[in-house]
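# Commentary on secondary and tertiary structure
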2 protein chains.
Amino acid sequence: MLPMHRHVDTDLNDLKDLLLSMGGCVEKAIDEVHEGITKKSESHLAQVEKQEKLINELHTRVDEECLKFLAMQAPVASDLRLVLAVIKINTDLERMGDQTLNICYNGREFLRSTIEQVPKELDSMKKEVRFMVKSALDAFVRQDVELCKKVLNHDDIVDRYRNQIVDQLKTKLKSDPNNTDAYLNLIMIAKNMERLADHATNIAEDVIFVATGTDIRHGHEQIK
Amino acid sequence: MLPMHRHVDTDLNDLKDLLLSMGGCVEKAIDEVHEGITKKSESHLAQVEKQEKLINELHTRVDEECLKFLAMQAPVASDLRLVLAVIKINTDLERMGDQTLNICYNGREFLRSTIEQVPKELDSMKKEVRFMVKSALDAFVRQDVELCKKVLNHDDIVDRYRNQIVDQLKTKLKSDPNNTDAYLNLIMIAKNMERLADHATNIAEDVIFVATGTDIRHGHEQIK
């Protein structure tokens, strides 16, 4: 006998698909902003604004659908936890869109400078951030707690890259005060890139909550 | 005849009270971190960490209560919108706690420098931020859309102070490279202080959504 099709599953899958579309836009925005800065290309930066608009549209839509779902289905237990996680992940993805736009503004100012080289660690850092974002979303789809733990561990790697980059740029600030603005922009870019990783961490924590019912956000519980 | 007492009202009022306690901790953390930096006082900075711990405890508790409320009461219409707003405001308040801690870290590094004076606009900026946070929470309690609009308008004032402070510090970075670290810390403090205002803006937008059912977050709708 085929398993009975629950109407509620369709709605939850629709919500998941919407979040994944948003996640795709965030990943593209990260790629474009990084290309724009490292290649000093305005056309890549312009793509970030397009993605951010799409993210905002999806953000409003996901919230509307969650409200409808809660009102119509009155879910409990794991379905309720899932919808609450969707609401939170939706907020994080929207703020990630905002962050890519912040990076884009600093990137645009950096493009006006005569500095050609960005710290080489920015590339590795971006790869780590991209891995964390993609993995957090994959973990959400598969409710994969192991993958979430991997995401949480990678946050330290991103922090280390950020520190290395900021330290280099501080040295440059002292030795080359003519390019203060450019170095400050690069510092802000590295710091905001790290904040993207923080949002991926938030998502991983929300997924662990959905999958296990355990809130690990403030170290109250340890997931082994 | 006395109006019938609805069980649901008690729970929603409890949720509101918990959020207001959190808001009180956030306000105190902002006061302490500002005192700590402007008076170069470590004891004030230590208070920030205490408040942030309380904020985290309340954050977990509010989320638990919202989950319980949704599961037990299956609210609809304005009660449902209110609970969803509580979940979001809870997230914003918790991130504001994180921000005060970030400001605290930069403040602690600044305390180690020989610079005695912070830009005088930092004081006015902090007052604006405090006004926005307090007003957003008052607006939440009273569902006061007019006050929310005031909060949204004040965000521009905070942005202007931040820009003035950062411009001054950029000039100092160029003229006094021996104190690069101190000026960088002050730049980060001003930027993170401005992010507190962004969170207050988010809260005001959520309150408008509860009070009117209108989502104004991405400029889809205008509240006159």
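The text that follows walks through the structure, step by step, so that each part is easy to find. Model, not experiment: these values are computed from the prediction.

## Considerations on the overall build of chain A
Along its length, chain A carries six helices and zero strands. Along its sequence from the N terminus, chain A presents helices and strands in the succession α-α-α-α-α-α. Based on the C-alpha atoms only, the size of chain A along its principal axes is roughly 70 × 40 × 30 Å. Taking all 224 residues of chain A together, the buried fraction comes to 45%. For chain A, the share of sequence-separated contacts (at least 6 apart) that also reach a separation of at least 24 residues comes to 79%.

## Things to note about the nonpolar core
Judged by nonpolar contacts, the single largest core of 132 residues is most densely connected at Ala-136 and Val-207 of chain A together with Ala-136 and Val-207 of chain B. With residues up to four places along the chain from it excluded, the contact list for Val-207 of chain A reads Ala-85, Ala-136, Ala-139, Phe-140, Gln-143 and Cys-148 of chain A.

## Here's the deal with the environment of Phe-131 of chain B
All names here are of chain B. With respect to the helices, strands and loops of the structure, Phe-131 is situated in helix α4 (residues 121-142). Residue Phe-131 is classed as partly exposed on the basis of its C-beta count, with 17 C-beta atoms lying within 10 Å. The spacing of Phe-131 and His-154 is 23 residues in sequence and 8.7 Å in space, taken between C-alpha atoms.

## A word on the relation of the copies chain A and chain B
Here chain A sits on chain B after a turn of 180 degrees about the axis and a move of 0.0 Å along it, with an RMSD of 0.0 Å. When the rotation and shift are considered jointly, the pair of chain copies conforms to a two-fold rotation axis. Closest to the rotation axis within chain A is the C-alpha of Ala-74 of chain A, separated from it by 2.6 Å. Most of the interface of chain A is mirrored in chain B, where 100% of its interface residues again form contacts.

Reading the values: rules and limits
- Residues numbered from 1 in each chain as written.
- Chains lettered and ligands numbered in written order.
- Predicted model: local features only at pLDDT ≥ 70, side-chain atom pairs only at ≥ 80, totals over all residues.
- Helix = DSSP H or I, 4+ residues; strand = E, 2+ residues; numbered from the N terminus.
- Buried ≥ 20, exposed ≤ 12 C-beta atoms within 10 Å, placed from the backbone.
- Contact = placed C-beta atoms within 7 Å.
- Core = buried A, V, L, I, M, F, W, Y, C linked by C-beta atoms within 7 Å.
- Least-squares fit on C-alpha atoms with pLDDT ≥ 70 in both.

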